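# Fold and geometry: a report
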Amino acid sequence: MNHRVVVLVLEGAKPLDVGIPAQVFANRPTMPYQVFVCGAAPGPVAGGDGLSYHVAEGIEAFAHADTIFIPGYRQPATTEPPEAVVAALQAAHRRGTRLAAISTGAFALAATGLLDGKRATTHWHYTRALAEKHPQVRVDENVLFVDEGDVLTSAGAASGIDLCLHLVRRDHGVGLSNIVARRLVAAPYRSGGQAQYVPRSVPEPLGDVFAGTREWALARLDEPLTLEALARNARVSARTFSRRFVEDTGYTPMQWVLRARVDLARELLEVTGLGVEQIAARVGLGTAANLRLHFQRILGTSPTEYRNTFSS
């Protein structure tokens, strides 16, 4: 029998998140899958972005599911999934059904308790909210998806494609996954993590403490910037500067400088044709090898791959 995929449409469901598994696992002769769409109950479901859905089945559809997808939905941090949905997901999991969440659908999956003690991810905008709402979940904000075997989560909507292709690979091998990727005109496998899609890796400051010193440092990233030099500019001791800087930004001064340098490197990779060695010198990281090391550690990708993705 074909593998049965059920897509759960909750109130506020995001249309792209709903459409991705329905498209990837589409009912067609070449695909060993069948797709069904359901809601908490049969009938109309108000979606996000001005769209609504009309679903023929309610959560009784879970009874014949091999995999259940939970697409993202609006206001996940303040909206609780219906208790009946949570109970039905828990029961399906006990029967051996695989559960997969796309983007903010991770909040509904986390509400079941099935992510407790496990790694999970969600859209980068909501990773902190997910960690605060469900502290037993080990939220990883730097990946496109997380496979914990019978429970899986993905980052933003496009990462749902990565997750779905991963499941096709897991179920039926690379050959079928590549066929599906070509049909979707999608990369069979994307390198890196979602950190590279976050607008800035340097956090916005929580206050105005040392704002002038931060601006001073941003204009001199190509120069040696030590804790002592930063503290001198701020006219305080190095110890006081370090303590208050962490309170204001969440980073130590040197962590902040490193991320600022990586941010500038990202910008230069996007808008200039400078070589990696030249960019490394301009941002104060010295060598191309050093830039590659920090790029991989912070963004989960290489400068070359980043440029291929984001260069204008």
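Scroll up for the structure.
Here's a quick rundown of the structure. (Residues numbered from 1 in each chain as written. Predicted model: local features only at pLDDT ≥ 70, side-chain atom pairs only at ≥ 80, totals over all residues. Heavy atoms only, no water.)

## Considerations on the pattern of salt bridges
Taken as a whole and assessed by the stated rule, the structure comprises seven salt bridges. Asp171 is paired through a salt bridge with Arg98; the nearest N and O atoms lie 2.9 Å apart. A residue pair is termed long-range when its members are at least 10 positions apart, and Asp171 in helix α5 (residues 157-172) and Arg98 in strand β6 (residues 98-101) qualify at 73 residues. As a salt-bridge pair, Arg243 and Glu247 come within 3.6 Å of each other at their nearest N and O atoms. With a gap of four residues between them, Arg243 and Glu247 both fall in helix α9 (residues 238-249), about one helical turn apart. Given the relative accessible area of 47%, Arg243 is considered partly exposed. When its relative accessible area of 52% is taken as the criterion, Glu247 is described as exposed. (Salt bridge = Lys/Arg side-chain N within 4 Å of Asp/Glu carboxyl O. Helix = DSSP H or I, 4+ residues; strand = E, 2+ residues; numbered from the N terminus. Buried < 20%, exposed > 50% of the residue type's maximum accessible area, 1.4 Å probe, protein only.)

## Let's talk about the nonpolar core
Counting residues in hydrophobic clusters, the biggest one holds 29 residues, and the most contacted among them are Val9, Val24, Phe25, Phe69, Val168 and Val180. The set of elements that each furnish at least two residues to this core consists of β1 (3-9), α1 (15-24), β2 (33-39), β4 (52-55), α5 and α6 (174-184). Per-element tally for this core: the top contributor is α5, with six residues. If we ignore the near neighbours within four places in the chain, the residues touching Phe25 are Val5, Met31, Tyr33, Val35, Phe69, Cys164, Leu167 and Val168. Counting 28 residues, the second-largest nonpolar core is a separate cluster that includes Ala61, Ala65, Ala106 and Phe107. (Core = buried A, V, L, I, M, F, W, Y, C linked by side-chain atoms within 4.5 Å. Contact = heavy atoms within 4.5 Å.)

## Some points on the packing of α5 against α6
Where α5 meets α6, the closest approach of the two axes is 7 Å, and the angle between their N-to-C directions is 150 degrees. As the angle between them shows, α5 and α6 are arranged roughly antiparallel. The way α5 lies across α6 gives a crossing that is right-handed. Along the contact surface, α5 presents Ile161, Leu165, Val168, Arg169 and His172, while α6 presents Val174, Leu176, Ser177, Val180, Ala181 and Leu184. Its residues assigned to classes, the contact of α5 with α6 shows eight nonpolar, two polar and one charged. (Axes fitted to C-alpha atoms, helices over the stretch in contact; angles between N-to-C directions. Parallel < 35°, antiparallel > 145°, perpendicular 65-115°, else oblique. Left-handed = near helix turned anticlockwise from the far one by under 90°. Nonpolar A, V, L, I, M, F, W, Y, C, P; charged D, E, K, R; others polar.)

## Notes on helix α8 (residues 227-234)
Here α8 has its buried residues at Ala229, Leu230, Ala231 and Ala234. The secondary structure elements touched by the buried residues of α8 are α7 (211-218), α9 and α10 (253-271). Immediately downstream of α8, the backbone of Arg235 shows phi near 60 degrees, a positive value.

## Side note on the side chain of Arg307
Mapped onto the elements of the fold, Arg307 is located in helix α13 (residues 303-310). For Arg307, the side chain forms a polar contact with the main-chain oxygen of Thr272, separated by 2.9 Å. (Polar contact = N/O pair within 3.5 Å; in protein donor to acceptor, adjacent residues only side chain to side chain.)

## Looking at unusual backbone geometry
Despite not being glycine, Val185 has its phi angle at roughly 55 degrees, a positive value. Classification of Val185 as exposed rests on a relative accessible area of 77%. Phi at Arg235 takes a positive value of approximately 60 degrees, unusual for a residue other than glycine. For Arg235, the position within the fold is in the loop between α8 and α9.

## Description of the sheet that holds β1
The strand order β2-β1-β5-β6-β10-β9 describes an open sheet built from six strands, whose pairing is mixed. Each of the sheet's edge strands pairs with one partner strand only, and the pair in question is β2 and β9 (145-147). For this sheet, the mean inter-axis angle between neighbouring strands, taken without regard to orientation, is 20 degrees. As paired strands, strand β5 (residues 67-70) and β6 are joined by four bridges and run parallel to one another. Of the residues in β6, the one forming a bridge with Ile68 is Leu99. Seen against the sheet, α1 touches β1, β2 and β5 and runs at an angle of roughly 170 degrees to β1. Sheet strands touched by α5: β1, β2, β5, β6, β9 and β10 (151-154). Its angle to β10, the strand with the most contacts, is close to 145 degrees. (Pairing = 2+ DSSP bridges.)

## With respect to the packing of aromatic side chains
The relation between two aromatic rings is expressed through the spacing of the ring centres and the mutual angle of the planes. Summed over all chains, the structure comprises seven aromatic pairs. On the numbers, 5.6 Å between centres and 40 degrees between planes, the contact of Phe25 with Phe69 is tilted. Of the two residues, Phe25 sits in the loop between α1 and β2 while Phe69 sits in strand β5, which places them 44 residues apart along the sequence. For Phe25, a relative accessible area of 1% puts it in the buried group. Ring geometry for Phe245 against Trp256: centres 5.8 Å apart, planes inclined by 80 degrees, an arrangement best described as edge-to-face. In this pair, Phe245 sits in helix α9 while Trp256 sits in helix α10, placing the two residues eleven residues apart along the sequence. (Phe/Tyr/Trp six-rings, centres within 6.5 Å; stacked < 30°, edge-to-face > 60°.)

So far we have only geometry, and geometry alone does not tell us how the molecule works.
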